Amino acid sequence: MMQQAIKLTQENDDELVARIAARDHGAMRLASDRHANMVWRVAYRMLGDAAEAEDIAQESLLKLWNHADRWNAGGPGIAPWLKKVTVNQCLDRLRRKRFASDEEVPEREDETPLADRQMEAVETGQAVKDCIETLPDRQRAAVILTYYEEQPNQGAAETLDMQLKAFESLLFRARSSLKGCVERKGVVAHGRAGQ
């Protein structure tokens, strides 16, 4: 049943991309409606900046429009392709940003009064977010794809052009680094990263 659904998605995506390659604006609008939020979400989590995430989302969708004629039918589909393009653009932007600025990202202060548990959750979430931002770029991408985008390891490995074992090793190092960072901040994270 699941394989039939995947095959149907692939066929629908293949047909949709063929229409995009033929410069069908309606098909592009449909692809954009289906995937723009996911692309923005990945970019925002990677970059932590809504405006930059919007730029990346537009660039990713534009790449679909510009490269639709090179689409390989029968592949994993539009969503995995867009995630891969988005992650790669974010990694490029993060590399450029490191060379362009030494400034630290300002922390956003929450002014609403919260109950003790809510304060702990916010503190833990912020500590995890801060720690994710300190991870090397590829480790950050592994954590975001696995825990925020809930991609299975195989899918996340493909997005990052890695073998599964290499990806799992990267994710293990990322989790270990996150755990150490959160512990150094004096916050105990419950559950998965980011919760």
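This text goes with the structure placed above it.
Residues numbered from 1 in each chain as written. Predicted model: local features only at pLDDT ≥ 70, side-chain atom pairs only at ≥ 80, totals over all residues. Heavy atoms only, no water.

A. Region of the structure containing the overall build of the protein chain. Helix and strand counts for the protein chain come out as 8 helices and 0 strands. Along its sequence from the N terminus, the protein chain presents helices and strands in the succession α-α-α-α-α-α-α-α. For the protein chain, the accessible area works out to roughly 12300 Å², and carbon and sulfur atoms hold 51% of it. (Helix = DSSP H or I, 4+ residues; strand = E, 2+ residues; numbered from the N terminus. Areas by Shrake-Rupley, 256 points an atom, 1.4 Å probe, with all protein chains shown as cover.)

B. Layout of the packing of aromatic side chains. Per the counting criterion, the structure on display carries 2 aromatic pairs. Consider the rings of Trp71 and Trp81, whose centres lie 6.2 Å apart with planes at 65 degrees: the pair is edge-to-face. Here Trp81 lies in helix H4 (residues 78-100) and Trp71 lies in the loop between helix H3 (50-67) and H4, a separation of 10 residues in the sequence. Judged by relative accessible area, Trp71 falls into the buried class, the value being 19%. (Phe/Tyr/Trp six-rings, centres within 6.5 Å; stacked < 30°, edge-to-face > 60°. Buried < 20%, exposed > 50% of the residue type's maximum accessible area, 1.4 Å probe, protein only.)

C. Structural detail: the nonpolar core. Of all hydrophobic cores here, the largest spans 49 residues; its most connected members are Ile20, Met46, Leu64, Val143, Leu160 and Phe167. Once residues within four sequence positions are removed from consideration, Leu160 is found in contact with Val87, Arg138, Ala141, Ala142, Leu145, Phe167 and Leu170. (Core = buried A, V, L, I, M, F, W, Y, C linked by side-chain atoms within 4.5 Å. Contact = heavy atoms within 4.5 Å.)

D. Layout of the packing of helix H2 (residues 25-47) against H3. Between H2 and H3, whose axes approach to 8 Å, the crossing angle comes to 140 degrees. As summarised for this structure, H2 and H3 are arranged oblique, according to the angle between their axes. In the crossing of H2 with H3, the sense of the turn from one axis to the other is right-handed. Across the interface between the two elements, His25, Met28, Ala31, Ser32, Ala36, Val39, Trp40, Ala43, Tyr44 and Leu47 of H2 pack against Ala50, Glu52, Ala53, Glu54, Ile56, Ala57, Ser60, Leu61, Leu64 and Trp65 of H3. Of the residues contributing to the contact of H2 with H3, the split by class is 15 nonpolar, 3 polar and 2 charged. (Axes fitted to C-alpha atoms, helices over the stretch in contact; angles between N-to-C directions. Parallel < 35°, antiparallel > 145°, perpendicular 65-115°, else oblique. Left-handed = near helix turned anticlockwise from the far one by under 90°. Nonpolar A, V, L, I, M, F, W, Y, C, P; charged D, E, K, R; others polar.)

E. Spotlight on helix H8 (residues 164-184). Along its 21 residues, H8 runs 30 Å from first to last C-alpha, staying within 8% of the 30 Å computed at 1.5 Å per residue. Every buried residue of H8 is listed here: Phe167, Leu170, Leu171, Ala174, Leu178, Gly180, Cys181 and Val182. Of the residues one or two after H8, Gly186 is the one with positive phi, at around 80 degrees. (Expected span 1.5 Å × (residues − 1).)

F. The pattern of salt bridges, seen in detail. Scanning the entire structure with this criterion turns up 9 salt bridges. Residue Lys84 pairs with Asp161 through a salt bridge whose shortest N-O separation is 2.5 Å. Linking Lys84 in helix H4 with Asp161 in the loop between helix H7 (153-159) and H8, this pair joins segments that are 77 residues apart in sequence. A relative accessible area of 26% places Lys84 in the partly exposed class. Accessibility expressed as a relative area gives 54% for Asp161, which makes it exposed. Three or more residues are tied together by salt bridges with common partners; here these are Arg41, Arg45 and Glu149. (Salt bridge = Lys/Arg side-chain N within 4 Å of Asp/Glu carboxyl O.)

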